[in-house]
Amino acid sequence: MTEKQFFVLGEVRDGHIHSVTFELTGKAGDLADTCGGTVTTVLLSGGLADDPEALLRGGADRVMTVEHPSLSMFNQEAEVKVLAHLLRQEAPDVVLAPATTSGRTTMPALAAELETGLTADCTGLEMDRETGLLLQTRPAIGGNVMATIKTPMRRPQMATVRPRTFRARDRSKAVSRGGVVRPEIPSELFGSRVVNLGFERAEDGGSNIQDLDVVVSGGKGLKRPESFRMLEELAALLGGGVGASRPAVDAKWMGYPHQVGLSGKVVAPKVYIAAGISGAVQHLAGMQTAGYVVAVNRDPDASIFRVADLGLCGDLFDILPRLTERIRKEVGAE
């Protein structure tokens, strides 16, 4: 295969490079390594507070930064025009972007502008060594099957990936390579029919479980919404947060911001505790990159035990209070 160009469309929030940018840059680096390709990460912002060179230690061969006041707040029209200009100039083979709120808004419009395809919410990305095509794997038919999609006739091949699907590279051991460039962008491309009148941050009542090192999740095995207090107590002792399976959220036991799975959030904590969760494929896809998985379930045949590092088979209403009390004594909490 000839050398391919991989582009990562990074995300900047409040001037800071979002962690998903490092995750996708690392994955693009892995893909590029299989075919001798190069990786370019693009950052659009109103102004960067972080050093973009950190991405050069995270898998990028080059970082492109575009800073303009019109990009201070999310503006789909301006971003699409700027990105389309860059991609037409560079003609990359593959473009990856995060499946965040902004990524899900920008990427379909960008794909239409470039007259190419887009695969959303991918859970797996690989290069086909024979054809040089990007194999884009994502759930289909309600998450009951995994479909692998190709884009053989159009370029670039484009895909979005949820945050925490892949792990970022260890930048402390990596060697910086390449450089940071600031391409010239025609001023008229920053114009937009959209005028930002203001910005209000949404409050979901708690920490974002995607950013936590410990997540304690519950499912229908908890039997009633009041049982989630046990999980909240355990999570508080561990300095973590509470997650939930889709059936528990559908039953209104927990709010949607806590949902883990294909239709919720993808989490990658150091420790993931699943209590009363059977382990449907839709849920597993949301926590498969967790560092250490502890499962509590009374069904010895529950699918969750297949991915668990530690399985506790028994009554969660007996196990969780004991576990919480033991941890309370270990940490000296009152």
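(A) Spatial organisation of the overall build of the chain. The secondary structure content of the chain amounts to 7 helices and 17 strands. Relative to the compact-globule value of 20 Å for 334 residues, the chain shows a C-alpha radius of gyration of 22 Å, a close match. In terms of overall dimensions, the chain has C-alpha extents of about 65 × 50 × 40 Å along its principal axes. Summed over all atoms, the accessible surface of the chain reaches about 16,200 Å², with 49% contributed by carbon and sulfur. Averaging the coordinates of the 37 positive side-chain charges in the chain and doing the same for the 41 negative ones gives two points 4 Å apart.

(B) Structural view of the pattern of salt bridges. In the structure shown here, the tally under the stated rule is 15 salt bridges. Among the salt bridges present, the one from Arg 104 reaches Asp 121, with a minimum N-O distance of 3.0 Å. A residue pair is termed long-range when its members are at least 10 positions apart, and Arg 104 in helix H3 (residues 101–114) and Asp 121 in strand S7 (residues 118–122) qualify at 17 residues. Through salt bridges with shared partners, a single ionic network connects Asp 30, Asp 33 and Arg 169.

(C) Summary view of unusual backbone geometry. Geometrically, the link from Arg 155 to Pro 156 is a cis peptide bond, its omega value of 0 degrees lying close to zero. As for its placement among the helices and strands, Pro 156 is situated in the loop between strand S10 (145–149) and strand S11 (157–161). The backbone phi angle of Ala 91 is positive, close to 50 degrees, even though this residue is not glycine. Residue position: Ala 91 is located in the loop between helix H2 (76–90) and strand S6 (94–98).

(D) Examining the packing of aromatic side chains more closely. Per the counting criterion, the structure on display carries 0 aromatic pairs. Here the basic side chain of Lys 27 rests over the ring of Phe 166, its NZ or CZ set 4.9 Å away from the ring centre. In this structure, Lys 220 packs its charged tip against the face of Trp 253, placed 5.5 Å from the ring centre.

(E) Up close: the pairing of strand S16 (residues 292–297). With respect to burial, S16 is a largely interior element, 5 of its 6 residues being buried. Summarising the sheet, S16 and strand S17 (residues 310–313) pair through 4 bridges and their orientation is parallel. Within S17, the residue paired with Asn 297 across the bridge is Cys 313.

(F) Molecular detail of the sheet that holds S11. The 7 strands are arranged S7-S11-S6-S1-S4-S5-S12 in an open sheet whose pairing can be described as parallel. Bordering the open sheet on either side are S7 and strand S12 (179–181), each of which pairs with just one other strand. When the angles between neighbouring strand axes are averaged without regard to direction, this sheet yields 20 degrees.

What counts, and where the lines are drawn
- Numbers given for residues are sequential positions, taken from 1 along each chain in its written order.
- Owing to the predicted nature of the model, reporting of local features is limited to residues with pLDDT of at least 70; listing and counting of side-chain atom pairs is limited to 80 or more, with chain, interface and lining totals taken over all residues.
- In computing side-chain values, all of the structure's heavy atoms are included and hydrogens and water are not.
- Comment: elements are numbered from the N terminus, with helices defined as DSSP H or I runs of at least four residues and strands as E runs of at least two.
- Restricting the calculation to C-alpha atoms gives the radius of gyration, and the globule rule supplies 2.2 Å times the number of residues raised to the power 0.38.
- Where accessible areas are quoted, they stem from the Shrake-Rupley method and a 1.4 Å probe; at the residue level, only the protein chains shown are allowed to cover.
- Note on charges: Lys and Arg go in the positive column, Asp and Glu in the negative column, and His and the chain ends are not counted at all.
- To locate a charge, take NZ of a lysine, CZ of an arginine, CG of an aspartate or CD of a glutamate.
- A pair is scored as a salt bridge if a Lys or Arg side-chain nitrogen falls within 4 Å of a carboxyl oxygen belonging to Asp or Glu.
- Aromatic rings from Phe, Tyr and Trp, with only the six-membered ring used for Trp, were paired whenever their centres fell within 6.5 Å, and each pair was classed as stacked if the ring planes differed by under 30 degrees, edge-to-face if by over 60, and tilted otherwise.
- Counting as a charge over the ring demands two things of the Lys NZ or Arg CZ atom: a distance within 6 Å of the ring centre and an angle within 35 degrees of the ring normal.
- Burial here depends on accessible area, computed with a 1.4 Å probe over protein chains only, as a share of the maximum for the residue type. Under 20% is buried, over 50% is exposed, and the range in between is partly exposed.
- We call two strands paired when DSSP finds no fewer than two bridges between them.
- Under this scheme, a helix contributes an axis fitted over its contacting stretch, all axes are lines through C-alpha atoms, and angles between N-to-C directions fall in the 0 to 180 degree range.

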